Amino acid sequence: MKQNTEKIPFSAYQKLVIFILAVTQFSVILDFMIMSPMGDMLMKDLALRPSQFGYAVSAYPLSAGVSGLLTAGFADSFDRKKLLLFFYTGFIVGTFLCSLSGSYVMLLVARIVTGLFGGVIASVTMAIITDLFDIHHRGRVMSFVQMGLGGSQVLGIPISLALANMWGWRIPFLMVAVMAVVIAVLIFIKLRPVTHHLARQTDRSAVSHLLHTFTNKHYRIGFITTAFLSIGGYMMMPFGTAFAVNNLGISQVQLPWLFGISGVATLTALPLIGRLSDKVDKYKLFAAAAVWMMLVVLFYTRLSVSPLWVAITFNVLMMLGILGRMVPAGALTTGLPDMADRGAFKSFNSSLQQIAGGVAAASAGLIVVQKSKTSPLENYDLLGFVMIVITLITMVLMYMVSEAVKRRLGEKTV
């Protein structure tokens with residue numbers, strides 16, 4: 001059976017759904033992403049040690065993971081639109097609390113609240129995509145939705161850094177919260193109920209449904225792979241800005257250029273990677289991107305004081321590797337669950353992703369050392385080496401996922 005690679009135009013409503021999910025993801029990603037660019041500022045203003053900052057970053061994904069586990073059994077029992085609105089409202093409240101934080105403890109609590117609600121949004125979004133689009137077009141859809149990552153770098157992070165430089169690091173959180181209120185109104189008015197999955201529900205309880213999903217041997221390989229993928233992806237993120245400022249000699253004024261240009265590259269590459277993911281073997285694309293990323297990390301983490309263009313070049317190359325892994329990996333894992341289990345699968349999968357990311361961020365904070373507020377970070381190259389080892393393991397696991405999806409769909413190429 002050949003893979004259908006014909007490019008079918010999306011309907012007007014499908015385009016609207018993609019836009020709504022993309023801007024929703026944009027706000028959630030931006031809320032998480034601005035922690036790293038403002039890391040150096042936060043560490044200096046609140047006198048945070050690297051370990052404390054690592055805990056502050058990990059608070060979001062760890063609480064998100066717990067929330068996802070608690071809701072996974074119920075994820076397929078409700079209209080996905082209502083679930084999205086409920087958790088997005090809580091995310092808005094948590095982000096407002098972040099803007100009010102004045103100490104390490106207050107920031108930690110605010111990030112926990114934000115994570116409890118914000119971390120579930122990605123799984124609900126992915127379940128909606130899986131319900132409304134077939135697997136041969138999900139790569140294209142996911143590339144557009146994941147443009148929130150590039151958009152957050154092109155617009156969100158540079159603007160956030162500019163606002164933070166003028167009025168303090170609390171203002172970007174306030175900006176995200178206000179923007180999210182507007183998006184919530186759009187979801188409420190324009191998004192139709194997503195209830196197709198309810199017709200296929202069984203009489204299992206929420207706990208039984210969750211246990212059934214977790215114990216399914218075909219799903220477990222997807223869960224394990226996601227965990228390793230997240231650990232490798234999160235490890236370097238929290239201290240990226242602190243490394244750029246204190247090791248590479250990039251100034252706070254130059255940071256918007258660093259993230260802005262990297263974001264433009266992301267926005268340009270994502271649609272191309274999405275289309276490529278729908279036309280070629282997804283695992284081969286994933287493996288090639290993983291090797292690319294490991295080579296970039298190997299050299300980047302060993303840089304010392306460098307010109308801005310060098311930092312930009314390495315960040316762009318690294319983003320291409322990261323995106324080249326994300327799109328095919330996401331498309332492959334959506335091929336594992338049955339329709340009746342998709343919400344629970346994505347919730348559980350997202351929970352493991354968040355928990356693994358939180359563990360990675362906290363671990364990174366224990367590996368990286370900074371002797372003073374302005375001294376270079378130490379052991380960042382060791383962090384890169386750990387990430388490379390984890391990525392190699394992930395390549396083996398993702399191959400197993402690819403083979404499982406091929407067997408399930410009875411196709412030669414996915």
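Scroll up to find the structure this text is about.
So, here's what we can say about the structure. (Residues numbered from 1 in each chain as written. Predicted model: local features only at pLDDT ≥ 70, side-chain atom pairs only at ≥ 80, totals over all residues. Heavy atoms only, no water.)

This paragraph deals with a nonpolar patch on the surface. On the surface, a cluster of nonpolar side chains totalling about 620 Å² of accessible area is made up of Phe96, Leu174, Val178, Val181, Val185, Phe188 and Ile189. It is helix α8 (residues 170-190) that provides the largest number of residues to the nonpolar patch, a total of six residues. Inspection of the secondary structure assignment puts valine 178 in helix α8. With relative accessibility at 46%, the residue valine 178 sits in the partly exposed group. (Patch = residues over 30% accessible without salt bridge, like charges linked within 9 Å, V, L, I, M, F, W, Y side chains within 5 Å. Areas by Shrake-Rupley, 256 points an atom, 1.4 Å probe, with all protein chains shown as cover. Salt bridge = Lys/Arg side-chain N within 4 Å of Asp/Glu carboxyl O. Helix = DSSP H or I, 4+ residues; strand = E, 2+ residues; numbered from the N terminus. Buried < 20%, exposed > 50% of the residue type's maximum accessible area, 1.4 Å probe, protein only.)

Even without being glycine, asparagine 379 reaches a positive phi, approximately 75°. When you line up the elements, asparagine 379 lands in the loop between α15 (342-367) and α16 (380-409). A residue is classified by how much of its surface remains accessible, and asparagine 379, at 33% relative accessible area, is partly exposed.

Bringing the packing of helix α10 (residues 217-234) against helix α14 (residues 308-333) into the picture now. In contact at an axis separation of 12 Å, α10 and α14 are set at 165° when each is read in the N-to-C sense. Here α10 lies roughly antiparallel to α14, going by the angle between them. In this structure, α10 meets α14 at a crossing whose hand is left-handed. Facing α10, whose interface residues are Thr226, Leu229, Gly232 and Gly233, α14 presents Arg325, Ala329 and Thr333. For the contact of α10 with α14, the residue count by class is two nonpolar, four polar and one charged. (Axes fitted to C-alpha atoms, helices over the stretch in contact; angles between N-to-C directions. Parallel < 35°, antiparallel > 145°, perpendicular 65-115°, else oblique. Left-handed = near helix turned anticlockwise from the far one by under 90°. Contact = heavy atoms within 4.5 Å. Nonpolar A, V, L, I, M, F, W, Y, C, P; charged D, E, K, R; others polar.)

What follows deals with the pattern of salt bridges. Under the defined criterion, the tally for this structure stands at two salt bridges. A salt bridge links arginine 111 to aspartate 31, with the shortest nitrogen-to-oxygen separation between them at 3.1 Å. Linking arginine 111 in helix α5 (residues 104-132) with aspartate 31 in helix α1 (residues 12-33), this pair joins segments that are 80 residues apart in sequence. A salt bridge links lysine 371 to glutamate 378, with the nearest nitrogen and oxygen atoms 3.5 Å apart. Its relative accessible area of 68% is what places lysine 371 among the exposed residues.

Turning to the packing of helix α4 (residues 80-100) against α8, a few remarks are in order. The description of two packed helices rests on the angle between their axes and on the distance between the axes. For the pair α4 and α8, the least separation of the axes is 8 Å and the interaxial angle reads 160°. Considering the angle they form, α4 stands roughly antiparallel to α8. The interaxial crossing formed by α4 with α8 has left-handed handedness. The residues of α8 that touch α4, namely those facing Lys81, Leu84, Leu85, Tyr88, Phe91, Ile92, Thr95, Phe96, Cys98 and Ser99, are Arg170, Phe173, Leu174, Val176, Ala177, Val178, Ala180, Val181, Ile183, Ala184, Ile187 and Phe188.

Counted at 1.5 Å a residue, the expected span for α14 with its 26 residues is 38 Å, and the 37 Å between its end C-alpha atoms agrees. Along α14, 19 of the 26 residues are buried, which leaves the element largely enclosed by surrounding structure. (Expected span 1.5 Å × (residues − 1).)

Attention shifts here to the nonpolar core. In terms of nonpolar packing, the biggest core is built from 113 residues, with Tyr88 and Phe91 touching the most fellow members. The biggest single contributor to this core is α1, with 12 residues. Dropping the residues within four chain positions of it, phenylalanine 91 is found in contact with Ser27, Val28, Asp31, Tyr60, Thr114, Phe117, Gly118, Ile121, Val176 and Ala180. If you look at the next biggest cluster of nonpolar residues, it comprises seven residues, including Leu270, Met319, Leu323 and Val327. (Core = buried A, V, L, I, M, F, W, Y, C linked by side-chain atoms within 4.5 Å.)

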